[in-house]
Amino acid sequence: MRLLITGAAGQLGFDALREARRRGFDCTGVDREDFDLTDAAAVAEALQKTQPEAILHCAAYTAVDKAEEESALAMAINKDATHSLARYCDQTGALLLYISTDYVFNGSGCRPWEAEDTPAPLSVYGKTKLAGERAASLCPRHMIVRTSWVFGANGGNFVKTMLRLGRERETLRVVNDQIGAPTYTVDLARLLCDMLEQPQPGIYHASNGGECSWAGFAQEIFRQTELPTQVIPVPSSEYPQAARRPKNSRLSPRSLLATGYAPLPDWQGALERFLCDFAAQNK
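Residues numbered from 1 in each chain as written. Predicted model: local features only at pLDDT ≥ 70, side-chain atom pairs only at ≥ 80, totals over all residues. Heavy atoms only, no water.

1. Quick look at the pattern of salt bridges
Enumeration according to the criterion identifies 19 salt bridges in this entry. In this structure, the salt-bridge partner of D117 is R111, at a minimum N-O distance of 3.0 Å. Residue R111 is classed as partly exposed on the basis of its relative accessible area, which comes to 48%. As a salt-bridge pair, E116 and R254 come within 3.6 Å of each other at their nearest N and O atoms. Here E116, found in the loop between β4 (95–101) and α4 (124–136), pairs with R254, found in helix α8 (residues 254–258); they are 138 residues apart in sequence, far enough to count as distant. Classification of R254 as partly exposed rests on a relative accessible area of 49%. Each of E19, R22, R23, D194 and E197 takes part in one network of salt bridges that share partners. (Salt bridge = Lys/Arg side-chain N within 4 Å of Asp/Glu carboxyl O. Buried < 20%, exposed > 50% of the residue type's maximum accessible area, 1.4 Å probe, protein only. Helix = DSSP H or I, 4+ residues; strand = E, 2+ residues; numbered from the N terminus.)

In structure tokens, the structure reads:
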């Protein structure tokens, strides 16, 4: 299979490219240096050159707060570029696997969100990702995977920030009224490659098992690394931000189970594996 992975220099794209090559895919990874997603002609040229049979679309505008000011740019990257990829897939019969987010939901309630639940994003970022989902669905062979709280070896993330701050400070105030599940990009990349090997069109939710608040996530990071930093749980109102965050980011794996895909392992074990790999890489 000829596979094109966008956003290959990002957290998820990096691990997806590595996993796809490990499995023997004829794989090309591209990022912003290779072509501008907002330039439809450049995207078309890249597709003509690579002629992929499947596209794993990891690239996105992800600056959640900045998107409130740069809504046009966020929409151009998250929706319009996806539309260009979907048009190619519609014309050629290629598969489009689009990565989306828990931010398409409004975060109400306490139960995990199901794949068939009605989206109602609170932020510009969430609205542009939902628009990207709808663009992806224009081609017959499409799969949409919503995930949450991603962390991996390549790029910045919450875990790396906590490790840095934990070495600098004795206490940290961390939000405790947003609940979700951290997702390790290595685990998600394996699932995505499973999906590419055995595609079943539809919408799926994929995050590591279990749930926590951001404060609980930080506490587990410090417990596993034996850092003495004390976490002080605080409400979101203590940290006003330009974009509203969903308070309930739980994602149900039922859509995965219903089609035979394996759910991701628990987040605590995923964090332990990440920390081991991260420590080894930084020796």
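Having put the structure on the table, let's press on.
2. What about the environment of L97?
Mapped onto the elements of the fold, L97 is located in strand β4. If near-sequence neighbours (up to four positions away) are discounted, L97 is found in contact with I55, L56, H57, M143, V145, L192, M195 and L196. (Contact = heavy atoms within 4.5 Å.)

3. Section: the packing of helix α3 (residues 71–92) against α4
Put simply, α3 and α4 touch, their axes get as near as 8 Å, and they point 15° apart. Looking at the two axes, α3 sits roughly parallel to α4. In the packing of α3 onto α4, the handedness of the crossing is right-handed. Listed contacts from α4 to S71, A74, M75, N78, K79, T82, H83 and A86 of α3 are V124, Y125, T128, K129, A131, G132, A135 and A136. (Axes fitted to C-alpha atoms, helices over the stretch in contact; angles between N-to-C directions. Parallel < 35°, antiparallel > 145°, perpendicular 65-115°, else oblique. Left-handed = near helix turned anticlockwise from the far one by under 90°.)

4. Re unusual backbone geometry
Despite not being glycine, Q51 shows a phi value in the positive range, around 45°. Relative to the helices and strands, Q51 resides in the loop between α2 (40–50) and β3 (54–57). Despite not being glycine, W149 has its phi angle at roughly 50°, a positive value. The residue W149 is located in the loop between β5 (142–147) and β6 (150–151) in this model.

5. Considerations on the pairing of β5
β5 sits mainly inside the fold: six of its six residues count as buried. Judged by which residues are buried, β5 turns out to be covered on both faces: H142, I144 and R146 on one side and M143, V145 and T147 on the other are all buried. One ladder, built from six bridges, connects β4 with β5; its direction is parallel. Within β5, the residue paired with L96 across the bridge is H142. With α4 bridging β4 and the parallel β5, this β-α-β connection has right-handed handedness. Here four bridges tie β5 to strand β10 (residues 202–205), and the two strands are oriented parallel to one another. Opposite I144, over in β10, you have I203 as the bridge partner. (Pairing = 2+ DSSP bridges. Right-handed = clockwise from strand over helix to strand, strands pointing away.)

6. A word on the sheet that holds β3
On the basis of which strands lie adjacent, the open sheet formed by six strands has the order β2-β1-β3-β4-β5-β10 and parallel pairing. Lying at the two open borders of the sheet, with one neighbouring strand each, are β2 (26–30) and β10. Neighbour to neighbour, the strand axes of the sheet diverge by 15° on average, direction disregarded.

7. Considerations on the packing of α2 against α3
Interaxial distance between α2 and α3 falls to 10 Å at its minimum, and their mutual angle equals 35°. α3 is crossed by α2, and the crossing has right-handed handedness. In this structure, α2 uses A40, V43 and L47 to contact α3, whose residues at the interface are S84, L85 and Y88.

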